[in-house]
Amino acid sequence: MYELYEQLLPTKLYTKEGGKTQASTDGEVLCRLCGKVAESVAHVLAGCSSLAQTKYLYRHNAALKILFFELLREHGLTEEVSPWYSPVMPKPAYQNTTSEAFWDVPIYAEHNEARVNRIDARLVSHERKEVCTIEMSGPWIESRAKKDEEKTLK
């Protein structure tokens, strides 16, 4: 964990510029997965395009499902909450007489302009006459402001 926090893991960039081991003879530091950017801890954990639709999406959904399941229970849409480590993922839609909840379901606007049509999760309470939308991301520290702006625009 210390090596991860201090970015001391043997990525290509660390090996070339600051590591104790020798860099490869060609001095190549591009990511082994995407080949576009220098391979660093930050890039592998939160910026590699090759991992975006697989590992990052799985991590995103695993974190968000904890909150979503709690909201489902609070609104009477499910009886029990799976443990955080459970592989169970939410269904696309839940419904009862007072509430509806949607997990990663597109929204289609009939009369208004919709800039984005896919929200991570949303909860509609007919009883309280409110809609709760949930957007989540797990960016690297330097990308946090950009991601906040992107999610706010959504």
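Computed from a prediction, not measured in an experiment: that's the story for all the values here.

**Student:** Give me the side chain of Asn-61: which residues, what numbers.
**Tutor:** Tracing the sequence through the fold places Asn-61 in helix α4 (residues 52-74). Those residues in contact with Asn-61, other than ones at most four positions away along the chain, are Met-89 and Trp-103.

**Student:** Tell me about the nonpolar core, and name the residues and values.
**Tutor:** Leu-64, Phe-68, Phe-69, Leu-71, Leu-72, Leu-77, Tyr-94, Ala-101, Trp-103, Ala-121, Leu-123 and Ile-134 together form the largest nonpolar core, which totals 12 residues. For this core, the elements supplying multiple residues, two or more each, are α4, β2 (99-103) and β3 (121-125). Per-element tally for this core: the top contributor is α4, with five residues. Look past the residues within four positions of Leu-64 in its chain and what remains in contact with it is Trp-103, Asp-120, Ile-134 and Met-136. Ranked by size, the runner-up nonpolar core spans five residues in total, among them Cys-34, Cys-48, Leu-51 and Tyr-56.

**Student:** Describe α4, listing the residues and the values that go with them.
**Tutor:** The terminal C-alpha atoms of α4, which comprises 23 residues, lie 32 Å apart, in line with the 33 Å expected from a rise of 1.5 Å per residue. Maximal helix bending in α4 amounts to about 30°, located at Lys-65. Turning to α4, its buried residues are Tyr-56, His-60, Asn-61, Leu-64, Lys-65, Phe-68, Phe-69, Leu-71 and Leu-72. For α4, the elements touching its buried residues are α3 (41-46), β1 (93-95), β2, β3 and β4 (130-134). Trailing α4 by a residue or two, Gly-76 shows a phi angle of about 70°, which is positive.

**Student:** Lay out the side chain of Ser-99 with the relevant residues and their values.
**Tutor:** Its place among the elements puts Ser-99 in strand β2. Overall, Ser-99 belongs to the buried group, its relative accessible area being 2%. Those residues in contact with Ser-99 that sit more than four places away from it in its chain are His-75, Leu-77, Tyr-94, Val-124, Ser-125 and His-126.

**Student:** A description of the pattern of salt bridges should follow, citing residues and the corresponding values.
**Tutor:** Applying the stated rule across the entire model yields six salt bridges. Linking Arg-32 and Glu-39 is a salt bridge whose minimum nitrogen-to-oxygen distance equals 2.7 Å. The exposure class assigned to Arg-32 is exposed, which follows from its relative accessible area of 55%. Here Glu-130 and Arg-128 are joined by a salt bridge, their closest N and O atoms 3.5 Å apart. Overall, Glu-130 belongs to the partly exposed group, its relative accessible area being 39%. With relative accessibility at 47%, the residue Arg-128 sits in the partly exposed group. Each of Asp-120, Glu-135 and Lys-151 takes part in a single network of salt bridges with overlapping partners.

Rules and cut-offs
Residues numbered from 1 in each chain as written. Predicted model: local features only at pLDDT ≥ 70, side-chain atom pairs only at ≥ 80, totals over all residues. Heavy atoms only, no water. Helix = DSSP H or I, 4+ residues; strand = E, 2+ residues; numbered from the N terminus. Contact = heavy atoms within 4.5 Å. Core = buried A, V, L, I, M, F, W, Y, C linked by side-chain atoms within 4.5 Å. Buried < 20%, exposed > 50% of the residue type's maximum accessible area, 1.4 Å probe, protein only. Expected span 1.5 Å × (residues − 1). Bend = angle between axes of the 7 residues up to and from the residue. Salt bridge = Lys/Arg side-chain N within 4 Å of Asp/Glu carboxyl O.

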